[in-house]
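Residues per chain are reported as follows:
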Amino acid sequence: AYTAAGASGLVAVDVKKPDETKELWRVETGGGARGVDVAGDVVYVADRGSGLQIIQKGSVVGQYSEPCIGVQVSGGVAYLRSNLGDVFAIDVADPTTPELLGKYNESFAESLFVVDTTVYTTAPDGSSPNATRDLNIIDFSNPSSPVLLGSVDTNLTYLIGNTFVDDDTAYL
């Protein structure tokens, strides 16, 4: 199991025997680890201070310097939710040399979920703290020119920390 542990970085924990868990290793990520995703033997950490940290076998092998607080990997692309809420698509096919593919200007995206090349975010509809949140659906099939496919006003006025999509249903 991997935990984005804030100022403590990324922590890997052996959970084979739940009554005998133990820390395997820890990697400083340079700021505040806020999100984590895994693809194969590569761990991707969203760090709000130092950006995307790419880790294999307990060592940082690559990084992309955009500070971020969320990450999800799909098809060799890491989708980042930046500190300002924009969504970045980063090519991580070679984890040692991540490269920017594209960016979608999203105002203060709060959550991020990816299915293939479709990104689901929630974000305030306006700048007021009492603004309702929209569920936005963004097509990244051409990552250099992402397109908003649709948006739904959720009528929710509080922060939406997570979004999950299963088949044709989004859960907020």
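Scroll up to find the structure this text is about.
Computed from a predicted model, the values in this text were never measured in an experiment. (Residues numbered from 1 in each chain as written. Predicted model: local features only at pLDDT ≥ 70, side-chain atom pairs only at ≥ 80, totals over all residues. Heavy atoms only, no water.)

1. Let's talk about the environment of Ala 131
Within the fold, Ala 131 resides in the loop between strand E13 (118-124) and strand E14 (133-139). Taking the relative accessible area as the measure of exposure, Ala 131 reaches 9% and is therefore buried. The spacing of Ala 131 and Asn 155 is 24 residues in sequence and 8.7 Å in space, taken between C-alpha atoms. (Helix = DSSP H or I, 4+ residues; strand = E, 2+ residues; numbered from the N terminus. Buried < 20%, exposed > 50% of the residue type's maximum accessible area, 1.4 Å probe, protein only.)

2. Thoughts on the sheet that holds strand E6 (residues 51-56)
What the four strands build is an open sheet, ordered E4-E5-E6-E7; its pairing is antiparallel. Only two strands of the sheet have a single partner each, and these edge strands are strand E4 (33-39) and strand E7 (59-64). On average, each strand axis in the sheet is inclined to that of its neighbour by 25°, with strand direction left out of account. The pairing of E4 with strand E5 (residues 42-47) spans six bridges and is classified as antiparallel. What sits directly across from Val 36, in E5, is Val 45. (Pairing = 2+ DSSP bridges. Axes fitted to C-alpha atoms, helices over the stretch in contact; angles between N-to-C directions.)

3. Overview of the pattern of salt bridges
Throughout the structure, instances matching the rule amount to two salt bridges. The residue Arg 26 makes a salt bridge to Glu 23 at a minimum N-O spacing of 2.7 Å. Residue classification places Arg 26 among the partly exposed residues on the basis of a relative accessible area of 42%. A salt bridge links Asp 86 to Lys 103; the shortest N-O distance between them is 3.6 Å. With a gap of 17 residues between them, Asp 86 in the loop between strand E9 (77-82) and strand E10 (87-91) and Lys 103 in strand E11 (residues 99-104) connect regions that are remote in the sequence. (Salt bridge = Lys/Arg side-chain N within 4 Å of Asp/Glu carboxyl O.)

4. Comments concerning the environment of Ser 151
Along the polypeptide, Ser 151 turns up in strand E15 (residues 147-153). In sequence terms Ser 151 and Pro 98 are 53 residues apart; their C-alpha atoms lie 30 Å from each other. Every residue in contact with Ser 151, bar those within four places of it in the chain, is listed here: Asp 134, Leu 135 and Asn 136. Among the polar contacts made by the side chain of Ser 151, one reaches the side chain of Asn 136 at a distance of 2.7 Å. (Contact = heavy atoms within 4.5 Å. Polar contact = N/O pair within 3.5 Å; in protein donor to acceptor, adjacent residues only side chain to side chain.)

5. A closer look at the pairing of E7
The two faces of a sheet get side chains in turn, since along a regular strand they alternate between them. Where E6 meets E7, five bridges bridge the pair, whose relative direction is antiparallel. Note that in E7 the partner of Ile 54 across the bridge is Gly 62. Between E6 and E7, which pair antiparallel one after the other, the connecting turn spans two residues, and Lys 57 there sits at a positive phi close to 50°.

6. Considering the side chain of Thr 163
Mapped onto the elements, Thr 163 comes out in the loop between E15 and strand E16 (164-166). In terms of polar contacts, Thr 163 uses its side chain to reach the side chain of Ser 111, at 2.5 Å. If we ignore the near neighbours within four places in the chain, the residues touching Thr 163 are Ser 111, Leu 112, Phe 113, Tyr 120, Thr 122, Leu 135, Tyr 171 and Leu 172.

7. Focus: the side chain of Thr 29
Structurally, the position occupied by Thr 29 is in the loop between strand E3 (22-27) and E4. In this structure Thr 29 comes out as buried when scored by relative accessible area, which is 3%. Polar contacts involving the side chain of Thr 29 include one to the side chain of Asp 47, which spans 2.5 Å. Sequence-distant contacts of Thr 29, that is, excluding residues within four places in its chain, are made with Gly 9, Leu 10, Val 45, Asp 47, Ser 50, Gln 53 and Ile 55.

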